[in-house]
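# Structural features, examined
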Amino acid sequence: MEIFSSYNVIIGISLTIILSFIFNGVAKKTNVPAVLLLIVLGVVLQYILKAFGADPNQFLSMLEVLGIVGLIMIVLEAALELELKSDKLMPILKSMAIALIGLVASAFIAAVILKALVKDMSMQSAWLYATPLSILSSAIIIPSVSSLKVAKKEFHIYESTFSDILGIMLFYFLTGRLNPAEDSGVGGFFLNLILTIIISLVASYAIIIIFQKIKSQVKLFLLIAVLLLLYGLGKKMHLSSLIIILIFGLVIANMKLFFQGQLRQYLDFEKAKHIYHELHVITAETAFVVRTLFFVIFGITIVLSSLLSLKVTLISILILISIYAIRYGLLRLFMGKDIFPQLFIAPRGLITVLLFYAIPAEAMVEGFEPGILLFVIIGTSLVMTGGMIRDKKLNPPALEEASEEESTIDETEYLINNTTDLSQLDSTDSSGEHETE
């Protein structure tokens, strides 16, 4: 039987997406990241494929494309949820500082560990291997923090998004330094960054103004195609392409802020707002599907035997200790004592895998075991699971609190409608109603 026949592939993808939807429900109930369940599903499929004589490595070529599209969708999804208001300036700056310092410090310590314990690894190669291991996974974090308080949820969205962008910029800055002829140095790097921001703003204004005038109902995938095209062209021009996606998301999510003065006359707010809401839905749906396929294929391609190496375990545990030690210090410095469950929410995932496969051939080291990558991804996900479960026990989920509030409101309304003497209302009910208003 041909295991990769058209109908088998359709059935397999459909069942995977259905299971992923179920995993999301399980994740909300148990706080076990859906990503872990998807990786386990991939491992199970790996053994099924081997039983039928198929080669799981056939899927490796799909990982990079899925990873890039997934990354774009995840960053766009996150950007569409970010409100730029004056009262959010400090939280944004704090999360950016934590993301940047945490990234650089974690990469440095991980590089030192890899340089010391991996044979024939130079410091330059160690930095390239360490950077992917130091980037937070917004693909895991954003869906996992929905039950947290608003302030903590926003912090994680900001932090993970900045970590993704800054981490990718650092990685490609390091790869650029491998070739002295093409290395533009720190000055060139920042010039590239400024140029990217300018292009991003111009492109964002142009896209919104043009697309609000398109009358066709079928235009959202056209919009996504334009963004993918800009990302690809940006990469060809050696720009920080992810910033293009981030800035577009921020502009369309905060149109009243960006379209002021003379620019206001070019904005049809109602039409643009309609595009924003539809884009938000389709981006979330696309990110869900791509994220699902990516992590399942990653599970299909991983080599579990590499986890049994004592050296892999030692290196991975040292890296994990450094990650949480640095994170603890940064959170205490910037956030004070209220650092739970933020301390535990530092998973590695899609970006880590994507950048690992993007390490140039001249920087690759044979002594590096891919099991380190898998160990750190699983380890950070398990730590996050433990932290979220702990937080859930100490603090009731926001959903349950909302249900209790609604129950209180219903009781209050019943009393109002059925009692002539309003003074009989319980003070707590009145308080609940006032807070809801």
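Residues numbered from 1 in each chain as written. Predicted model: local features only at pLDDT ≥ 70, side-chain atom pairs only at ≥ 80, totals over all residues. Heavy atoms only, no water.

### What to know about the pattern of salt bridges
Scanning the entire structure with this criterion turns up three salt bridges. With a shortest N-O distance of 2.8 Å, Lys 88 and Glu 154 are connected by a salt bridge. Of this pair, Lys 88 sits in the loop between α3 (60-79) and α4 (89-117) while Glu 154 sits in helix α7 (residues 150-176), and the two are 66 residues apart along the sequence. Look at Lys 88 and you get buried, because its relative accessible area is 12%. Between Glu 159 and Arg 327 there is a salt bridge, with the nearest N and O atoms lying 2.6 Å from each other. Taken as a pair, Glu 159 in helix α7 and Arg 327 in helix α13 (residues 310-335) lie far apart in primary sequence, 168 residues in all. (Salt bridge = Lys/Arg side-chain N within 4 Å of Asp/Glu carboxyl O. Helix = DSSP H or I, 4+ residues; strand = E, 2+ residues; numbered from the N terminus. Buried < 20%, exposed > 50% of the residue type's maximum accessible area, 1.4 Å probe, protein only.)

### Observations concerning helix α9 (residues 220-236)
Look at α9: 24 Å from first C-alpha to last across 17 residues, which is about the 24 Å you get at 1.5 Å a residue. The set of residues buried in α9 consists of Leu 220, Leu 223, Ile 224, Leu 227, Tyr 231 and Gly 234. One side of α9 carries all its buried residues, which in axial view fall inside an arc of 100 degrees. Pointing more than 90 degrees away from the buried face of α9 are the exposed residues Phe 221, Leu 229 and Lys 236. (Expected span 1.5 Å × (residues − 1). Arc of directions from axis to C-beta.)

### So, helix α2 (residues 34-51)
Counting along an α-helix, one turn takes 3.6 residues, and residues three or four places apart therefore face a common direction. Over its 18 residues, α2 runs 26 Å from end to end, which matches the ideal 26 Å to within 8%, given 1.5 Å per residue. When we look at burial in α2, the residues that qualify are Ala 34, Val 35, Leu 36, Leu 38, Ile 39, Leu 41, Gly 42, Val 43, Gln 46 and Leu 49. Structurally, α2 contributes buried residues whose contacts are with α1 (6-30), α6 (138-144), α12 (269-301) and α15 (371-394). One or two positions beyond α2, positive phi appears at Gly 53, with a value near 85 degrees. (Contact = heavy atoms within 4.5 Å.)

### Here we look at unusual backbone geometry
Along the chain, Phe 340 connects to Pro 341 via a cis peptide bond; the corresponding omega equals 0 degrees. Mapped onto the elements, Pro 341 comes out in the loop between α13 and α14 (350-356). At Asp 120, a residue that is not glycine, the phi angle is positive and equals roughly 60 degrees. One can find Asp 120 in the loop between α4 and α5 (123-133). Given the relative accessible area of 67%, Asp 120 is considered exposed.

### Things to note about the packing of α5 against α7
At their nearest, the axes of α5 and α7 sit 10 Å apart, and the two run at 165 degrees to each other. The angle between the axes of α5 and α7 places the two elements in the roughly antiparallel class. The handedness of the crossing between α5 and α7 is left-handed. Packed against α5, whose contacting residues are Trp 127, Leu 128, Thr 131 and Pro 132, the element α7 presents Gly 167, Leu 170, Phe 171, Leu 174 and Thr 175 at the interface. Split by residue class, the contact of α5 with α7 holds six nonpolar, three polar and no charged. (Axes fitted to C-alpha atoms, helices over the stretch in contact; angles between N-to-C directions. Parallel < 35°, antiparallel > 145°, perpendicular 65-115°, else oblique. Left-handed = near helix turned anticlockwise from the far one by under 90°. Nonpolar A, V, L, I, M, F, W, Y, C, P; charged D, E, K, R; others polar.)

### Some words on the environment of Glu 81
Tracing the chain through its elements places Glu 81 in the loop between α3 and α4. A relative accessible area of 32% places Glu 81 in the partly exposed class. With residues up to four places along the chain from it excluded, the contact list for Glu 81 reads Ile 157 and His 280.

### Let's talk about a nonpolar patch on the surface
A surface patch of nonpolar side chains, about 920 Å² in accessible area, is lined by Tyr 7, Ile 10, Ile 11, Leu 15, Ile 18, Leu 19, Phe 21, Ile 22 and Val 26. Here Ile 11 is to be found in helix α1. (Patch = residues over 30% accessible without salt bridge, like charges linked within 9 Å, V, L, I, M, F, W, Y side chains within 5 Å. Areas by Shrake-Rupley, 256 points an atom, 1.4 Å probe, with all protein chains shown as cover.)

### Quick word on the packing of aromatic side chains
All chains considered together, the criterion is met by nine aromatic pairs. Considering the side-chain rings of Tyr 129 and Phe 368, the 4.4 Å spacing of their centres and the 35 degrees angle between planes classify their relative orientation as tilted. One end of the pair, Tyr 129, is in helix α5; the other, Phe 368, is in the loop between α14 and α15, and 239 residues separate them in sequence. Among the residues examined, Tyr 129 registers a relative accessible area of 6% and is labelled buried. Between Phe 356 and Phe 368 the ring centres are 5.8 Å apart and the planes differ by 40 degrees, which places this aromatic pair in the tilted class. Residue Phe 356 is found in helix α14, and its partner Phe 368 is found in the loop between α14 and α15; the two are separated by twelve residues along the sequence. Note on accessibility: Phe 356 and Phe 368 belong to one class, buried. What links up through ring pairs into an aromatic cluster is the set Tyr 129, Phe 356, Tyr 357 and Phe 368. Above the face of the Tyr 47 ring, Lys 50 is positioned so that its terminal group lies 5.5 Å from the ring centre. The positively charged end of Lys 256 is found above the aromatic ring belonging to Phe 269, 4.7 Å away from the centroid. (Phe/Tyr/Trp six-rings, centres within 6.5 Å; stacked < 30°, edge-to-face > 60°. Lys NZ or Arg CZ within 6 Å of the ring centre and 35° of its normal.)

### Comments concerning empty space enclosed by the protein
Throughout the structure, instances matching the rule amount to three cavities of 30 Å³ or more. Estimates place the volume of the largest cavity at around 130 Å³. Lining the largest cavity are 15 residues, and of these Gly 102, Ser 106, Leu 136, Glu 159 and Arg 327 sit closest to its centre. At the level of secondary structure, the elements contributing two or more residues to the lining of the largest cavity comprise α4, α7 and α13. At five residues, the largest contribution of residues to the lining of the largest cavity is made by α4. Residues belonging to the lining of the largest cavity are distributed by class as follows: eight nonpolar, four polar and three charged. (1 Å grid on protein atoms, 1.4 Å probe; cavity = no way out; pocket = protein on both sides within 12 Å on 5 of 7 lines; lining within 4 Å. Points joined across faces, edges and corners; volume = space filled by probe spheres on them.)

### A short note on the confidence of the model for the chain
Chain-level statistics for the chain give a pLDDT mean of 83 and a share of 89% at 70 or above. Of all secondary-structure elements in the chain, the lowest mean pLDDT belongs to helix α17 (residues 427-436), at 42, while α13 reaches the highest, 95. When the criterion is pLDDT under 50, residues 398-437 qualifies, and its contacts beyond four places in sequence or with other chains add up to 16 contacts. (pLDDT = per-residue confidence, 0-100.)

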